[in-house]
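What follows is the residue order along each chain.
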Amino acid sequence: MHFVRKCLAGSLRSGRSALANVSATVSTENSGNRTTERAQGTAIGTAMKAWQIGKYGGPQELRCNVDVGVPAIRNKSSLLVEVHAASVNPLDTIRTEGYGKKVIGAMRCFDRNCPPEFPMTLGRDFSGIVRATSGDIREFQPGDEVMGVIEPQRQGTHAEYVIASAHCVVKKPTNVSHVEAASIPYAGLTAWSSLCFFGGVREQSARGRRALILGASGGVGTFAIQLLKTWEMHVTTVVRDDAVPLVNELGADCAIDYLQPQWEESLRASGGFHVILNCTTNLSTTFAMDCLKVWENASYIHTTPPLLRNIDAHGWPIGVFNSATEFGFDAILGMCKGQWYRWGYILPSKKALEEIASLVSKEKICPVIDDVFTFEELPLAYDKVRNGHARGKTVIDFKEEQFDTKKQRTKARWAKLF
């Protein structure tokens, strides 16, 4: 499969000057125990640039701070990564408004290595180069090219350096650039966790089964299409008319334009689905459950559940109660017809990341990139993602390594897609 690459970023600035080569050994304190770091190959320095918010209030609170301290390794399973590219996810934009602050704040309290809430660096996934590791890590060495995700309570990837847990990082496939690799981990793990862990989809039993993906043109949806087609499932998608060529190119067996009249009736009459992945909020749960097969162990997975928003709005007791009531009602209705109702969340998994990297290496799954922005243009990327209607992922290119799209794809394929 050729790679789907659509890069429409504005003019890119000249690259940064190369850093001097050095070799060093550093030590940091961790609750009285010394954690040895291995650092090699690049002069890291003590300060870095990072896009941060000092309070909740929306993307307008983003500020580029140029004297942020380079984070230190504080446990035995962490890496210091120089970020070459990072994506902007819808979660990043709504977190600037305070989404999830109570749940993530509680997670921060139980993680002794977490910094204070503010200033907060957002960003959940990345691609870059390992610059230092704790002494106990043997899987990665300084200089390795890697990609991965960051836990939500930690400082994020929209900075020149980030601390990542080794269990959330894998080697970057050699056949993709850092910009392409950065589009994969968060969306890929969200789709994988939702379908496999919460939805019960298994590669061994997936062949010939029917799947429906709602909101299939975004990062999670485009990954899910390719994953399910790799497992030989029949995939139907629901998208806007301008996204139909894209999902068809990714392998969707049927693409339905939700702007067309009576599209809901055509779905109900399609014979039902074994799994439905809902990547949008603009759909009735009752309608989605009506499209599932009855008494065939079919699953409906919603990737934007209300739990965190309810806790933000009402506090822990009432928020959890309201969420449990809503979930329980829909789950019971589904059980009465032999269906499963599930909420889907991202679950960091080394095994899943390794499988995703393998599929990308074999070109069975390709990055789908909607737009690329430079580090200085990051607020524009937030605005784009916030406006919705994504066609893949939006990526920040820290090192201005943007590829020449037209040279890497045939003219016919380019015309067919866009």
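What you are looking at is a predicted structure, and each value in this text was computed from that prediction instead of being measured.

## Side note on the sheet that holds strand β7 (residues 120-121)
Sheet strands associate in pairs through backbone hydrogen bonding, adopting either a parallel or an antiparallel arrangement. The three strands lie next to each other as β5-β4-β7, forming an open sheet whose pairing is antiparallel. Edge positions in the sheet fall to β5 (62-69) and β7, since each of these pairs with one other strand and no more. In terms of strand pairing, strand β4 (residues 47-53) meets β7 through two bridges, oriented antiparallel. Each residue of the ladder has a partner; that of Gln52, found in β7, is Thr121.

## A short note on the pairing of strand β18 (residues 368-374)
Buried residues dominate β18, accounting for seven of its seven residues. By the bridge criterion, five bridges tie β18 to strand β19 (residues 393-397) in an arrangement that is parallel. What sits directly across from Ile369, in β19, is Lys393. Chirality of the crossover, the property in question, places the unit of β18, helix α13 (residues 378-386) and β19 among those that are right-handed.

## Here we look at the sheet that holds strand β16 (residues 298-302)
On the basis of which strands lie adjacent, the open sheet formed by six strands has the order β14-β13-β12-β15-β16-β17 and parallel pairing. On the outer flanks of this sheet lie β14 (254-257) and β17 (339-343), each paired with one strand and no other. Adjacent strand axes in the sheet meet at a mean angle of 15°, parallel and antiparallel pairs treated alike. In this structure, strand β13 (residues 234-239) lies alongside β14, joined through four bridges in parallel fashion.

## Overview of the pattern of salt bridges
Summed over all chains, the structure comprises 14 salt bridges. Among the salt bridges present, the one from Asp242 reaches Arg391, with a minimum N-O distance of 2.9 Å. With Asp242 in the loop between β13 and α7 (244-249) and Arg391 in the loop between α13 and β19, this residue pair connects regions lying 149 residues apart in the sequence. A network of salt bridges, in which partner residues are shared, links Glu82, Arg131 and Lys399.

## Section: the packing of helix α10 (residues 307-314) against helix α11 (residues 316-335)
Put simply, α10 and α11 touch, their axes get as near as 7 Å, and they point 145° apart. The way α10 lies across α11 gives a crossing that is right-handed. The segment α10 lies against α11, with Leu307, Asn310, Ile311 and His314 engaging Trp316, Ile318, Gly319, Val320, Asn322, Ser323 and Glu326. Here the contact of α10 with α11 is built from residues that sort into five nonpolar, five polar and one charged.

## Examining empty space enclosed by the protein
Applying the stated criterion to the full structure yields two cavities of 30 Å³ or more. Its volume calculated, the largest cavity comes out at about 90 Å³. As for the largest cavity, its lining consists of Ser183, Ile184, Ala187, Gly219, Thr222, Phe223, Gln226, Ile365, Cys366, Pro367, Val368 and Lys393. Class assignment for the residues of the lining of the largest cavity results in seven nonpolar, four polar and one charged. There is about 50 Å³ of room inside the second largest cavity. Here the residues of the lining of the second largest cavity sort into four nonpolar, three polar and four charged.

## Some remarks on the confidence of the model for the protein
When pLDDT is averaged along the protein, the result is 87, and 86% of the positions lie at 70 or above. In the predicted structure, residues 1-36 sits below a pLDDT of 50 and forms 107 contacts with residues beyond four places in sequence or in another chain. Across residues 403-418, where pLDDT falls below 50, the model places 28 contacts with residues more than four positions away in sequence or in other chains.

## Examining the environment of Asp144
Relative to the helices and strands, Asp144 resides in the loop between β8 (125-134) and β9 (145-149). With 26 residues separating them along the chain, Asp144 and Val170 place their C-alpha atoms 9.8 Å apart. Beyond its immediate stretch of four places on either side in the chain, Asp144 contacts Gly128, Ile129, Val130, Glu139 and Lys171. There is a polar contact of 2.7 Å between the side chain of Asp144 and the backbone nitrogen of Gln141.

## Points about helix α4 (residues 185-198)
For α4, built from 14 residues, the straight-helix expectation of 20 Å at 1.5 Å per residue is met to within 8% by its first-to-last C-alpha distance of 18 Å. Counting buried residues along α4, 13 of its 14 residues qualify, which places the element largely inside the surrounding structure. Downstream of α4 by one or two residues, Gly200 has phi in the positive range, about 75°.

Reading the values: the criteria
- Just so you know, the residues in each chain are numbered from 1, in the order the chain's sequence is written.
- Whole-chain, interface and lining totals are the exception, using all residues; otherwise, since this is a predicted model, local features are given only for residues with pLDDT of at least 70 and side-chain atom pairs are given and counted only at 80 or more.
- Side-chain metrics in this entry use all non-hydrogen atoms of the structure; hydrogen atoms and water are not considered.
- The pairing criterion is simple: DSSP has to find at least two bridges between the two strands.
- Numbering goes from the N terminus for both helices and strands, where a helix is a DSSP run of H or I of at least four residues and a strand is a run of E of at least two.
- Here the term buried applies to any residue with accessible area under 20% of the maximum for its type, exposed to any over 50%, and partly exposed to those in between, with areas from a 1.4 Å probe on protein chains only.
- Seen with the strands pointing away from the viewer, any crossover whose path from the first strand over the helix to the second strand runs clockwise is right-handed.
- A fitted line through C-alpha atoms serves as each axis, taken over the contacting stretch for helices, and the angle formed by two N-to-C directions is quoted from 0 to 180°.
- Salt bridge, as applied in this entry: a Lys or Arg side-chain nitrogen positioned within 4 Å of an Asp or Glu carboxyl oxygen.
- Should the near helix be turned anticlockwise from the far one by less than a right angle, the crossing is termed left-handed; should it be turned clockwise, right-handed.
- In what follows, residue pairs with any heavy atoms lying within 4.5 Å of each other are defined as contacts.
- Each residue gets one of three labels, nonpolar for Ala, Val, Leu, Ile, Met, Phe, Trp, Tyr, Cys and Pro, charged for Asp, Glu, Lys and Arg, and polar for the others, Gly among them.
- Of the grid points, spaced at 1 Å and generated over the protein atoms alone, those admitting a 1.4 Å probe that cannot get out make up cavities, while open sets with protein on both sides within 12 Å along at least five of seven lines make up pockets; any residue with an atom within 4 Å of a point is treated as lining.
- Grid points are joined across faces, edges and corners, and a volume is the space filled by probe spheres set on the points.
- For every residue, the pLDDT score states the predictor's confidence, bounded by 0 at the bottom and 100 at the top.
- Distance and chemistry together define a polar contact, namely a pair of N or O atoms within 3.5 Å, with one atom able to donate a hydrogen and the other to accept it when in protein, and with adjacent residues in sequence counting only for side-chain atoms on both sides.
- Between the first and last residue of a helix there are one fewer steps than residues, each counted as 1.5 Å, and that sum is the expected span.

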